[in-house]
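Each chain, written out:
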Number of protein chains: 2
Amino acid sequence: MLSRVRSAVAHLVSSGGAPPSRPKSPDLPNATSAPPAAPPQAPRSPPARAGSGGAAPARTVEARASFSRPTFLQLSPGGLRRADDHAGRAVQSPPDTGRRLPWSTGYAEVINAGKSRHNEDQACCEVVYVEGRRSVSGAPREPSQGQGLCFYYWGLFDGHAGGGAAEMASRLLHRHIREQLKDLVEILQDPLPPPLCLPSTPGTPGSCDSSQLVGPQSCWSSQKEVTHESLVVGAIENAFQLMDEQMARERRGHQVEGGCCALVVVYLLGKVYVANAGDSRAIIVRNGEIIPMSREFTPETERQRLQLLGFLKPELLGGEFTHLEFPRRVQPKELGQRMLYRDQNMTGWAYKKIELEDLRFPLVCGEGKKARVMATIGVTRGLGDHNLRVCSSTLPIKPFLSCFPEVRVYDLTQYEHCPDDVLVLGTDGLWDVTSDCEVAATVDRVLSAYEPNDPSRYTALAQALVLGARGTPRDRGWRLPNNKLGSGDDISVFVIPLGGPGSYS
Amino acid sequence: MLSRVRSAVAHLVSSGGAPPSRPKSPDLPNATSAPPAAPPQAPRSPPARAGSGGAAPARTVEARASFSRPTFLQLSPGGLRRADDHAGRAVQSPPDTGRRLPWSTGYAEVINAGKSRHNEDQACCEVVYVEGRRSVSGAPREPSQGQGLCFYYWGLFDGHAGGGAAEMASRLLHRHIREQLKDLVEILQDPLPPPLCLPSTPGTPGSCDSSQLVGPQSCWSSQKEVTHESLVVGAIENAFQLMDEQMARERRGHQVEGGCCALVVVYLLGKVYVANAGDSRAIIVRNGEIIPMSREFTPETERQRLQLLGFLKPELLGGEFTHLEFPRRVQPKELGQRMLYRDQNMTGWAYKKIELEDLRFPLVCGEGKKARVMATIGVTRGLGDHNLRVCSSTLPIKPFLSCFPEVRVYDLTQYEHCPDDVLVLGTDGLWDVTSDCEVAATVDRVLSAYEPNDPSRYTALAQALVLGARGTPRDRGWRLPNNKLGSGDDISVFVIPLGGPGSYS
């Protein structure tokens, strides 16, 4: 996320007073009008940690902006310095000697901290135990019901306009997911369909027997079936929202600067859930076949959502922007002429007579990596950005950003996976210069050079992917073998084996 | 569209005064804030005609509700009576002896008018000539520039809550498309990319030379490329909107009752444009392969769009509905308990504590063919419905409905089509009981029984598809060979040959 926010850091505006406990405006499209109350056990923000070699910094803006890397990298002070060296752009991976990541997951990153100190990618990989919060029935828990759940968790967080959001999300998002799953521990392990209604407090017998399921005034002929899988999806979606709300609450006290894209994988009870908010990407490479597991959320892919919001809530445009899209900036001298445009309902283009308000800046402009919302930000989903304002203005951009991920589900049990089948997660630093097919070719090339049961093969693959996107220094730049420029952005890659040693454990 | 509107006919409310010329409320999501002004040549509503055998009825509600069928069926008074006979449910097609439909298109329908007199499907098939409105450059037209354009047009219109909208759309929508294309006649025939800006009036030299294309204050590094194809898509999208606006204007004078789904195909300059607003469906069957050319717009497929609008504009819910979805109706005695819900941001489900406002009726409820918006209507896109209100209420439903189609483009020149490759259009009466695969099997079975150059084979195929969905009278009902109930709805089918005799002419 090197260049996706223009002039934003210079325009971060701290709010003057303490933020309200739930600071959502009713204008926000990504806020729930009646969301479940945050559980009292909701994760609190622990102090930030630098890499394992560094001491916990003091609580100042300077300290928060200091350089930190994922704990699992086990970086020594020297390794931390090397990672921080933009000239060298060292590729970092967890050491071969230490404890391996779960499932022998491979990881590699290159952080160009010298160029974008405040925007480093962050990563997290954890095994998380979820203890049930209470018995569904309200009856005293039997020992067999006391079994908790484990989920495996991988997350990539690509920061922009400050490093705080990515760093905070990498420490806390999985805890929010755990909180959301606590109420579901029994339900998810019960082969029966989830109950539609639960008693309010433990000990209160449920008054939701099936005789009440369809009232006479209902237009339903039957109740809707809700699957276990859709409960996990809902838990992940709400965890993203609660993470975002926590960032809003703590943005002053903890200096949560900027925002971040979040790409998260949860493995639970045989299924892989891939949740993406931003422009990172996940693909499965299975027997050479590419299965897309996410899509990117950018001003181009979300144009109609953004335009609709600007149309329905014109006050969010502040008289400075128009919700219409034009193929280029309209000039004052073109008033009265006819120019191509698109509105929130159109995928095609048509001509319209230029009027005065069409001279406003378009809400969405630019193409590809240069596309921007309000001339500022190049991604439309993610966490944070509560302080982000339009350049030279106080107009907030957050109402147009969604913190909700799209969640795709992959059932691991439906296919016999071999050790060469992998799920690859990468930030845009990888995908900007590497196609899905090129990644699949690298998967084949690298993994075939290692024994199937060699657990280091996935780290070697992650390193190869990062190196292939970074390139080597040549001709005054980092260049790929085809002499094109490599990615000057942070590059972070997880390679998760779907049938390798240690999977499913 | 037999049962997709509940109790709606009984609740049609005529407005008290003359409607304004552009009666769009700023609340409407499907209205353009700065739409191109309706051209002075915009189609006016000609008198309705009954089938060719019938005289034009007088201008009364009774007359408008009378039974009319597409002119191209060339129905005699006797044929019209047979079509109107619900007991017989005769399959009607254009006569073999008359003028064939363009491209030897096949058509068949069965209209159960006795059961739903006000909701008949309507159809239209035309070759439309578009004369250019003016020269793009403003210079006097040279003879070679005077060449107009022809497009081929097929439309299916499935009415609900009254027959007026479907009947009006079948007579006028292609004229709106023609109007939108008039300004594009020269541009579409010019191999150069479309100009981004046009002079306001003929004779005014364009001041849009390329030196002005990027202003210094612009965030664009270059102008956006707009294709000819996307101009045609925009023309079709705007034609749908203008058709809908005309229905709103004329609803009192012409008694435009109800609404309709619209599925329209335009063939122009080598490409097939399939525009769908509603729950009809189009598929291409090519060498046995199925290529979907549309998707359905229903309360289920558009749930999140509807919920977002209800959330952003709660006044549209009138205090009677909640934008949240529940898997069944919430009971007052369940207050304080926790029930599964989804909001506009969620695809998964989660539990929330039931509060007082959750007892309101959900904006979206039901499943499959029983899914409804505001307990009333089962489709979420289409034309008309300006008078549709919630049962026992004055709350308008139209703000939640979109008149905009999704347009998919198929390039006929990219593949060598054989006479057995067809585009099949059908109203939901066909697809409710027939899968895409079953249609493809029928295509293969029927067409292989005819010589490839026999132009009657496509009508035979359309008849077979309609018969297969209707079934035969048996065991007190219309039954399919597998003894399941056939479709009790109107069934209309076009079979458009993509490589047959007469195509591309």
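Residues numbered from 1 in each chain as written. Chains lettered and ligands numbered in written order. Predicted model: local features only at pLDDT ≥ 70, side-chain atom pairs only at ≥ 80, totals over all residues. Heavy atoms only, no water.

Looking only at helices and strands, chain A has nine helices and 21 strands in total. Counting only residues that meet the buried cut, chain A has 59% of its 505 residues in that class. Within the structure as shown, chain A displays about 19000 Å² of accessible surface, and the carbon and sulfur contribution to it stands at 52%. (Helix = DSSP H or I, 4+ residues; strand = E, 2+ residues; numbered from the N terminus. Buried < 20%, exposed > 50% of the residue type's maximum accessible area, 1.4 Å probe, protein only. Areas by Shrake-Rupley, 256 points an atom, 1.4 Å probe, with all protein chains shown as cover.)

Residues and elements named next belong to chain A. Taken over all residues, the pLDDT of chain A has a mean of 82, while the share at 70 or more is 77%. Considering only residues more than four positions removed or in separate chains, one finds that residues 46-65, a stretch of pLDDT under 50, has 39 contacts. Predicted confidence is poor over residues 203-218, with pLDDT under 50, and the contacts of this stretch with residues over four places away or in other chains come to 26 contacts. Overall fold confidence for the complex sits at a pTM of 0.85, while the interface term, ipTM, reaches 0.84. (pLDDT = per-residue confidence, 0-100. Contact = heavy atoms within 4.5 Å.)

Side chains of residues three or four places apart in an α-helix project in the same direction, reflecting 3.6 residues per turn. Residues and elements named next belong to chain B. For helix α9 (residues 457-470), built from 14 residues, the straight-helix expectation of 20 Å at 1.5 Å per residue is met to within 8% by its first-to-last C-alpha distance of 20 Å. Judged by how many residues are buried, α9 sits mostly within the fold: ten of 14 residues are covered. For α9, every residue scored as buried is listed here: R457, Y458, T459, A460, L461, A462, L465, V466, A469 and R470. Just past α9, the residue G471 takes up positive phi, approximately 80 degrees. (Expected span 1.5 Å × (residues − 1).)

In this section: the packing of helix α3 (residues 164-182) of chain A against helix α5 (residues 228-249) of chain A. Residues and elements named next belong to chain A. For the pair α3 and α5, the least separation of the axes is 8 Å and the interaxial angle reads 135 degrees. Taken together, α3 and α5 sit at an angle that is classed as oblique. Where α3 crosses over α5, the two elements pack in a sense that is right-handed. The segment α3 lies against α5, with A165, M168, A169, L172, L173, H176, I177, Q180 and L181 engaging A235, N238, A239, F240, L242, M243, Q246 and M247. Of the residues belonging to the contact of α3 with α5, the class tally is 13 nonpolar, four polar and no charged. (Axes fitted to C-alpha atoms, helices over the stretch in contact; angles between N-to-C directions. Parallel < 35°, antiparallel > 145°, perpendicular 65-115°, else oblique. Left-handed = near helix turned anticlockwise from the far one by under 90°. Nonpolar A, V, L, I, M, F, W, Y, C, P; charged D, E, K, R; others polar.)

This brings us to the environment of A:E325. Mapping A:E325 onto the fold places it in the loop between β10 (321-322) and β11 (338-341). Overall, A:E325 belongs to the buried group, its relative accessible area being 2%. For A:E325 and A:V364, which are 39 residues apart along the polypeptide, the C-alpha to C-alpha distance reads 6.5 Å. Within polar-contact distance, the side chain of A:E325 engages the side chain of A:R342 at 2.9 Å. In this structure the side chain of A:E325 is engaged in a polar contact, spanning 2.6 Å, whose partner is the side chain of B:K224. (Polar contact = N/O pair within 3.5 Å; in protein donor to acceptor, adjacent residues only side chain to side chain.)

There is about 1300 Å³ of room inside the largest pocket. Forming the walls of the largest pocket are 41 residues, and the residues nearest its centre are A:Q304, A:R305, A:L308, B:Q304 and B:R305. Those elements giving two or more residues to the lining of the largest pocket turn out to be α6 (303-312) of chain A together with α6 (303-312) and β17 (406-411) of chain B. Ranked by the residues each element gives to the lining of the largest pocket, the list is headed by α6(B), at six residues. When the residues that make up the lining of the largest pocket are grouped by side-chain class, the tally is 15 nonpolar, 13 polar and 13 charged. (1 Å grid on protein atoms, 1.4 Å probe; cavity = no way out; pocket = protein on both sides within 12 Å on 5 of 7 lines; lining within 4 Å. Points joined across faces, edges and corners; volume = space filled by probe spheres on them.)

This part is about the sheet that holds β11(A). Pairing between sheet strands relies on hydrogen bonds along the backbone, with the strands arranged either parallel or antiparallel. Read across the sheet, three strands follow the order β12(A)-β11(A)-β5(B) without closing on themselves; strand pairing throughout is antiparallel. The open sheet has two edge strands with one neighbour each: β12 (350-353) of chain A together with β5 (197-198) of chain B. As judged from the two bridges shared by β11(A) and β5(B), these two strands associate in the antiparallel manner. In the strand pairing of β5(B), A:M339 is matched with B:C197. (Pairing = 2+ DSSP bridges.)

Let us now look at the environment of A:V495. Residues and elements named next belong to chain A. For V495, the position within the fold is in strand β21 (residues 491-497). A relative accessible area of 0% means that V495 is categorised as buried. Note: C-alpha distance between V495 and D421 (74 residues apart in sequence) is 9.9 Å. Leave out the neighbours within four places in its chain, and V495 touches T105, G106, V422, L423, Y458, L461, A462 and L465.

Residue and element names in this part refer to chain A. Among the twelve residues that make up strand β4 (residues 149-160), eleven are buried, leaving the element largely enclosed by the rest of the structure. Pairing of strand β3 (residues 121-130) with β4 involves ten bridges; the strand directions are antiparallel. Bridged to V127 within β4 is Y152. Two strands pair when backbone bridges link them, and β4 and strand β6 (residues 259-268) are joined in this way by nine bridges, in the antiparallel orientation. Bridge assignment links G155 to a residue of β6, and that residue is V264.

Bringing unusual backbone geometry into the picture now. Residue and element names in this part refer to chain B. Unusually for a residue other than glycine, R89 sits at a positive phi of about 50 degrees. Along the chain, R89 turns up in the loop between α2 (77-83) and β1 (91-92). Residues other than glycine seldom take positive phi values, yet N287 does so here, at roughly 55 degrees. Tracing the chain through its elements places N287 in the loop between β8 (281-286) and β9 (289-292).

Right, let's talk about the state of the cysteines for a bit. This model, assessed by the stated rule, comprises zero disulfides over all chains. Of all cysteine sulfurs in the structure, the one in A:C437 sits closest to A:C418, which takes part in no disulfide; the separation is 18 Å. (Disulfide = S-S within 2.5 Å.)

One open sheet accounts for three strands, arranged β5(A)-β11(B)-β12(B); its pairing is antiparallel. Edge positions in the open sheet fall to β5 (197-198) of chain A together with β12 (350-353) of chain B, since each of these has one partner strand only.

This paragraph deals with helix α8 (residues 436-447) of chain A. Residue and element names in this part refer to chain A. Under the 1.5 Å per step criterion, the end-to-end length of α8 is 16 Å for twelve residues, consistent within 8% with the ideal 16 Å. Among all positions in α8, only D436, V439, A440, T442, V443, V446 and L447 are buried. The buried residues of α8 occupy an angular sector of 160 degrees when projected down its axis, which confines them to one face. α8 presents C437, D444 and R445 as exposed residues on the side facing more than 90 degrees away from its buried surface. In this structure, the buried side of α8 is in contact with β8 (281-286), β9 (289-292), β18 (422-426), α7 (428-431) and α9 (457-470). (Arc of directions from axis to C-beta.)

In this structure the tally under the stated criterion is 20 aromatic pairs over all chains. For the ring pair A:F72 and A:F494, a centre distance of 6.1 Å and an interplane angle of 45 degrees mean the geometry is tilted. Residue A:F72 is found in the loop between α1 (61-64) and α2 (77-83), and its partner A:F494 is found in strand β21; the two are separated by 422 residues along the sequence. Grouping residues by exposure puts A:F72 and A:F494 together as buried. Both rings, one in B:W103 and one in B:Y152, keep their centres 5.4 Å apart while their planes meet at 45 degrees; by these two values the pair is tilted. Residue B:W103 is found in the loop between β1 and β2 (106-110), and its partner B:Y152 is found in strand β4 (residues 149-160); the two are separated by 49 residues along the sequence. Exposure class is identical for B:W103 and B:Y152. Each is buried. (Phe/Tyr/Trp six-rings, centres within 6.5 Å; stacked < 30°, edge-to-face > 60°.)

Right, let's get into the pattern of salt bridges. Residues and elements named next belong to chain B. The tally for this structure, following the rule as stated, stands at 52 salt bridges over all chains. As a salt-bridge pair, R281 and D436 come within 2.6 Å of each other at their nearest N and O atoms. Residue R281 is found in strand β8, and its partner D436 is found in helix α8 (residues 436-447); the two are separated by 155 residues along the sequence. Across the pair, D436 and R281 agree in class, each one buried. K369 is the salt-bridge partner of D432, the closest N and O atoms lying 3.1 Å from each other. Taken together, the residues D432 in the loop between α7 (428-431) and α8 and K369 in the loop between β14 (364-365) and β15 (372-373) connect sequence positions 63 residues apart. (Salt bridge = Lys/Arg side-chain N within 4 Å of Asp/Glu carboxyl O.)

All names here are of chain B. It is the contact of α8 with α9, at a shortest axis distance of 9 Å, that shows an interaxial angle of 140 degrees. Comparing their axes, α9 and α8 come out oblique. For the pair α8 and α9, the sense of crossing is right-handed. Contacts between α8 and α9 involve V439, T442, V443, V446 and L447 from the former and R457, Y458, A460, L461, A464 and L465 from the latter. Of the residues assigned to the contact of α8 with α9, the class counts are nine nonpolar, one polar and one charged.

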